[in-house]
Amino acid sequence: MLRRLTPYLFALPLLSFIAVFTYIPILQSLNLSFREWDFLSPTKPFVGLDNYRLLLDSREFWNALTVTSIFAVISVPLRLLLALFIASRLLRETLVSRLMRGALFLPSVTSTVAIAVVFSWVFSTDYGMMNALLTGLGFSKVAWLQEPQLALGVLIFVNTWKQLGYDIIIYIAGLQAIPGELYDAAAVDGGKRGHVFRRVTVPLVMPTTYFLLMISVIEAFQVFTIVDVMTGGGPAGATDMLVNMLYRVGFTLFDIGLGSALAVLLFIFLIALAIFKARVLGRKVHYEA
Amino acid sequence: MIANKYKISVAALVALLGSTVLASAEIKVEFWHSFGGVAGAALDQIIDNFEAENPDITIEAQEIGNYNDIVTKLQAAIPARRAPDAVIMEVTRYGLFADRDVLLDLTDYVEADPLKDDLYNFAREVGVFEGKNYIVPFNSSTPVLYYNKAIFEQAGLGTHTPLKTYDDLLAASKQITEKLGDDGITGIAAPGQFARWGLIMDNDSDLIDSVSGEILLDAPNTIEAYEFMASLVHEHKVASPDGVTKENNGRDAFLAGKVGMMINSTGNYGRSTSALGDDLVVLPMPCNKVCAVPIGGAGIGILSTSEKEVQDAAYKFVSFAASPESNALWFSETGYMPINKYTPEQPLAAAALAEKPGIGVAIGQLDFARGRPRPPVVTWMRASEYDMWQAMALGQRDVSEVLTEFAERTRAEAERLKR
Amino acid sequence: MKPENPLLALLALTAGVLFLSPVLYSIWMSFQTADAYYTGKLDFTLSNYEMAIGQYNFARYLLNSVIVSGLVTIVGLAVATMAAFAFARYRFPGGNLMFGAVVATLMIPSHITLIPNYLTLANAGLLDTYAGLILPAISNGFAAFFLRQYIRGIPRALDEAAYMDGATPLQVLWRVIVPIAKPAILSMGLYIFITEWNNYIWPLVAVGREDLYTLQIGLARLYRIDPGEGVINWPLVMAASTITILPVLLGFIFVERHLVRGIMMGAVK
């Protein structure tokens, strides 16, 4: 009897944590998204789809969705292209390339809050490093974090700076898995360096690219810390991304129903993306590789 | 006989023990507030005085942040049952908490307290929501116009400069920015929310009607007022956008001598004199269409979840903090207005009025000061107004479009909250 | 290692330093007095650190971060290793489903649990406690998945031999599997520790008491409240930021290879 129970006993602690803090909360969010509550009232009246309707009618939601999409559409390809390019230069196991990998990788394990604070200084109008450079070169100061378009650009820059090293490491792993003979064959065929890169490297590293594409899109849709620390979603909502909006609606406006509805929509979207990855892209990768 | 004696001595012993137990059973009152710096020190002094008079009560004061932070933290604390016993609540934003019975109805306490006859009417009124008393005033304020005399003189302005209308403000701000812009000095601080409310009242309008509670965000005069305020930042560039994205930046730049004028609560008087000294000049608010100012500040509320004896102790403190002695100390240190009729007679207050130029300006405005209603929706409206203001001030969106939409949403939100 | 073209090496190193220059400069700035910084003079001082640690309580935040990240790592690893052992070594009814449920958590965005977890811990009276910070972070689907793959690669013959000697399953796990899987477990430990060290949104909602702030919350708050009325005291903020970065930075220098290997292994699987 005990022997049969053994695997369950081993798995039980993890499964109970997952149940209590991941799966049950999904159901709770779903439940709360059909209700109206502000933490204060003793009751949570059922309001059907009102919260979803309110959300889809609100300018904030579409703004946050647009901003987040712009963030993802710019920052994801930027990260991947840069990372693939740099990774392909850092393949050799030399001291310099190892030091470079270390330097590039460092930000991705560093505190995001600290990075956000440091870059708030870099881009601060009066005492920042960027404006010191600009004025040194004879240009006038730029209000990086007060100009709506610039502020989003700054966030994309900081996020790329932080995550790039991780992408590079993954690409190096992917590139190192490519058999050397393929390169030799391409070289024998008289391929130029750029040609080999396009015809051999890029297709063969596709599975890695898809992996990175998925995780960086999912990440982009969950960006919060740099937004909260650097801009708070401002100026004028220009950097108000979805999770930032969720935090604001949930924990400063305490519209728990609306916040839950937003969480559920975002959840459905990201899960759909993950399934899309597994089904469609997964197959495509196998055909090509 | 012996038995009786025994009984008596036991009774005496019990009484003795009982009283020592009571005396040593200190009552702790957890109190959340929003005062740092000069004001924080003054509050500590008031608390020390209270504890000296009431050795059985300890006030555990915690500075939480600004009024917004307190509202947020209190609301988050309710489901966690970790709310304090007493809390500073801004005068327009406690309605939600009163409506939801988070705050204790203090009417009986106030009725039994001689203090009720000593408070100025304007001050007593701020604590009343739907006919019941939920907070007792502690710090009352109206916005005033501060300017930096040194900057004014360098820009060729002075006491003769008119500062009555929007146009006057703009002209002076322009002159400062033009003359001193190269030194990094701008004309005026971007108005904070309290100042915005004041400037809207000056334009003979309001955010929400003080009598009927009607939402006036999209009234023509409100739109005109916002258009003027926004133009200071994005059109005329006489106010720095730094103060738009972060309200305190405007104030801090004024304190640092980087800004010529600032409209802000009289509660900043203490802080401003200590930063600018004799260069600080205080004037009444402009009167663009009419003279009108909002009454701001906060009072202390008591949580309905606390135990009765803690609530009693908390009320003792609340009443003490509004006494002439405490209020005079508070007024003279911070510049918040007297709320107690007997405060001005206090030596501290009299000395402040005689010696501190400008500290009385806010009081002078009481003749045309308006109370503001505090239905539950105000909490939501004020929390949401910041983003609207940013969009307008940074020139992202058309002012009347923003306000029309905001008014609609606020009305809808008010409906939802009523349910 | 092959010798390198010195010019190329120099170029690469310059690029690396340039890349990290904001952080390097911020560390440098943290040793300047505020006055010296704003006037452009040089003046080495430790006063910013004294202020951050003393007046602004960063010693306490550091301790909190160590306690929280440390416990999350230890308990998280234990829980993940046990589950990984069950999934790698046993076939049992519901086992696949359970493993699927664990792997699926990798796809579940954490924000959906934010409000409910807040309420769960509020009801349990665990907000504003270490437990409240730690419990929701314990389960780590990635670690369980990764360790399960690793344990499957360990020959079963080793388990069998131990069972023959009369070992219990727990003893097999502890004496046979764990020693062999040590590199993988360490990699995952680092991964969990760093993730938790840098965690921001959960402590932000779960902790209101100042004495329970983690470094991340303390730093964000210090930056936001602008100590030094008027202008931000950047050198002080940078000292606090350096305190926040440093433990991971130092650890990184020692264990970079483990960490990188762990991430690579995880990605290639």
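Residues numbered from 1 in each chain as written. Chains lettered and ligands numbered in written order. Predicted model: local features only at pLDDT ≥ 70, side-chain atom pairs only at ≥ 80, totals over all residues.

Asker: Teacher, can you tell me more about the overall build of chain B here?
Answerer: Secondary structure assignment for chain B yields 20 helices and 13 strands. Computed over C-alpha atoms, the radius of gyration of chain B comes to 24 Å, within 12% of the 22 Å expected from 2.2 N^0.38 for 419 residues, which places it in the range of a compact globule. C-alpha atoms of chain B, sized along the principal axes, occupy 95 × 50 × 35 Å. Within chain B, contacts between residues separated by at least 24 positions form 75% of all contacts whose residues are at least 6 apart in sequence. (Helix = DSSP H or I, 4+ residues; strand = E, 2+ residues; numbered from the N terminus. Rg over C-alpha atoms; globule rule 2.2 N^0.38 Å. Contact = placed C-beta atoms within 7 Å.)

Asker: What's the story with the sheet that holds strand 6 (residues 135–141) of chain B in this structure? I'm lost.
Answerer: Sheets are built from strands that pair by backbone hydrogen bonding, the pairs being arranged parallel or antiparallel. All names here are of chain B. Strand order in the open sheet formed by five strands is 2-1-3-12-6, and the pairing between neighbours is mixed. Pairing within the sheet leaves two strands with one partner each, and these edge strands are strand 2 (57–63) and strand 6. Sheet twist, expressed as the average angle between the axes of neighbouring strands with direction ignored, equals 25°. Direction of pairing for strand 1 (residues 27–33) relative to strand 2: parallel, over a ladder of seven bridges. (Pairing = 2+ DSSP bridges. Axes fitted to C-alpha atoms, helices over the stretch in contact; angles between N-to-C directions.)

Asker: Is there a simple way to explain the interface of chain C and chain A in this structure?
Answerer: Accessible area lost upon the coming together of the parts serves often as the stated size of an interface. Facing the 66 residues of chain C at the interface are 64 residues of chain A. Those elements that provide at least two residues to the side of chain C that touches chain A are helix 1 (6–29), helix 4 (58–89), helix 5 (95–104), helix 6 (114–123), helix 12 (201–206), helix 13 (215–225) and helix 14 (234–268) of chain C. Top contributing element to the side of chain C that touches chain A by residue count: helix 14 of chain C, with 14 residues.

Asker: Can you walk me through the nonpolar core in this structure?
Answerer: The biggest cluster of nonpolar side chains holds 294 residues, and the ones touching the most others in it are Phe317(B), Ala83(C) and Leu147(C). Here this core gets 14 residues from one element, more than from any other, and that element is helix 7 (residues 148–176) of chain A. Each of domain 1 (27–140 + 296–362) and domain 2 (143–294 + 376–418) of chain B gives at least three residues to this core. If we skip the residues at most four places from it in the chain, Leu147(C) touches Ala80(C), Thr81(C), Ala84(C), Ala181(C), Ala184(C), Ile185(C) and Met188(C). (Core = buried A, V, L, I, M, F, W, Y, C linked by C-beta atoms within 7 Å. Buried ≥ 20, exposed ≤ 12 C-beta atoms within 10 Å, placed from the backbone. Domains from an automatic or database assignment.)

Asker: Could you clarify how one ought to interpret the pairing of strand 9 (residues 259–265) of chain B in this entry?
Answerer: Regular strands place side chains that alternate from one sheet face to the opposite one. All names here are of chain B. With seven of its seven residues buried, strand 9 lies for the most part within the structure. In this sheet, strand 9 lies alongside strand 7 (residues 143–148) in antiparallel orientation, the contact comprising five bridges. Bridging across to strand 9, Pro143 finds its partner in Ser265.

Limitation: the analysis is restricted to geometry and does not speak to function.
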